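# Breakdown of the fold
One-letter residues, chain by chain:
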Amino acid sequence: MDEFDLIHRITPKKSHQNALVMGIGDDASVYQPHSQCEEVVCVDTMVERVHFRFDFSTPYEIGFKALAVNISDIAAMGATPKYYLVSIAIPPHGDEEIVTALYQGMKALADTYQMDLIGGDTVSTRSDFVITVTVIGEIPKGTACYRQSAQTGDIVFVTGELGSSAAGLSLLMNGVAPVKSVDTAFFLERHKMPQPHVVAGQICSSFPRVTLNDVSDGLASELNEIAEASDVTVEIEADKLPVHADLPLLNDKWLEWVLFGGEDFVLTGTIPEADWTSFEKQCKEKEVKVTQIGQVVHDQYAGVNLKENDQQTKLMKRGYNHFKK
């Protein structure tokens, strides 16, 4: 394919954001941020055969997820996504049809949040696809949700359900015998095309003290990050963890998926007990599922405990790690 023809075809014909001064078409993009907002920026890279496989997902689904994982990081700060940039390294097997579908998947999700594609880079590579996405968001000054403000007595919560993406990955990797009445397509979709919890993050940022993380590397890992940053002990209860009703039917070790599977891209965090009722009410009004799963207890150590059948287990930071097997 021709590089310049590709750039021409993926260049948006119109923009969503009025603050955009110059999009694709010059050496760099220019936009005017709102004077009362702070910018939030994140970047993630997905590598073929590490993060995605074309025999598991369509190019459209892969593009969708490549943007979704970044939007989820923006949501975890309580911010609103505005712009995105894409750097893509295309190998010899990356024909025009595949590349076009990758961008179509990203655009489909971007249009949901009225995000503009404002730049990036396109190169060739000799081996596998590499897709790097940068997302820029905005949040009212002083309202971003960080990890370090949890305090004893806070309620620990999660939005949405846990373990579904890991179940979908397991179905792709290993397959399972058909289970009567279980819609396996649900779990496959949760893995291939996760939905970022932007609205939930925005609700969180409207409260004065909320810690927040998106569940990308696993619930145990994300809560450990909050516990370490805040120097507190987080205690969660196994029987309160929200899961799809069919999840336990797929595997008797489903709790492993819930705690360590990751890639659910829901949000987890802490909020003062005094704010919980109001927070829960606002979530219900916006049709956001939120569940209390535990509490920040009197400091024992910076870590996470799991209560199950009247026993406590310390949860280690066992989520996905690129440099550990």
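Right, let's walk through the structure included here. (Residues numbered from 1 in each chain as written. Predicted model: local features only at pLDDT ≥ 70, side-chain atom pairs only at ≥ 80, totals over all residues. Heavy atoms only, no water.)

### Describing the packing of helix α4 (residues 164-173) against helix α5 (residues 184-192)
Helix packing for two helices is described by the angle between their axes and how far apart those axes are. At a minimum axis separation of 7 Å, α4 and α5 run at an interaxial angle of 105°. Considering the angle they form, α4 stands roughly perpendicular to α5. Along its contact with α4, which presents S164, S165, A167, G168, L169, L171 and L172, the element α5 presents T184, F186, F187, L188, R190, H191 and K192. A per-class count over the contact of α4 with α5 returns seven nonpolar, five polar and two charged. (Axes fitted to C-alpha atoms, helices over the stretch in contact; angles between N-to-C directions. Helix = DSSP H or I, 4+ residues; strand = E, 2+ residues; numbered from the N terminus. Parallel < 35°, antiparallel > 145°, perpendicular 65-115°, else oblique. Contact = heavy atoms within 4.5 Å. Nonpolar A, V, L, I, M, F, W, Y, C, P; charged D, E, K, R; others polar.)

### A closer look at the sheet that holds strand β5 (residues 116-124)
If you walk across this open sheet you meet the four strands as β3-β6-β4-β5, and the pairing is mixed. What marks the edges here is a single partner per strand, and that holds for β3 (37-47) and β5. Strand-to-strand twist across the sheet, computed as the mean angle between neighbouring axes with direction ignored, equals 15°. Strand direction decides the pairing type here: strand β4 (residues 80-90) and strand β6 (residues 130-140), joined by nine bridges, are antiparallel. Bridging from a neighbouring strand, S87 pairs with T132 of β6. Here helix α3 (residues 96-112) sits on the sheet and contacts β4, β5 and β6; the angle it forms with β4, its principal contact strand, is near 170°. (Pairing = 2+ DSSP bridges.)

### What about the packing of helix α2 (residues 59-75) against α3?
Close contact between α2 and α3 brings their axes to 6 Å; oriented N to C, the two are set at 45°. When the axis of α2 is compared with that of α3, the two are oblique. For the crossing formed where α2 meets α3, the hand is right-handed. Contacts from P59, Y60, I62, G63, F64, L67, A68 and I71 in α2 reach I98, A101, L102, Q104, G105, M106, A108, L109 and A110 in α3. In terms of residue class, the contact of α2 with α3 is built from 14 nonpolar, three polar and no charged. (Left-handed = near helix turned anticlockwise from the far one by under 90°.)

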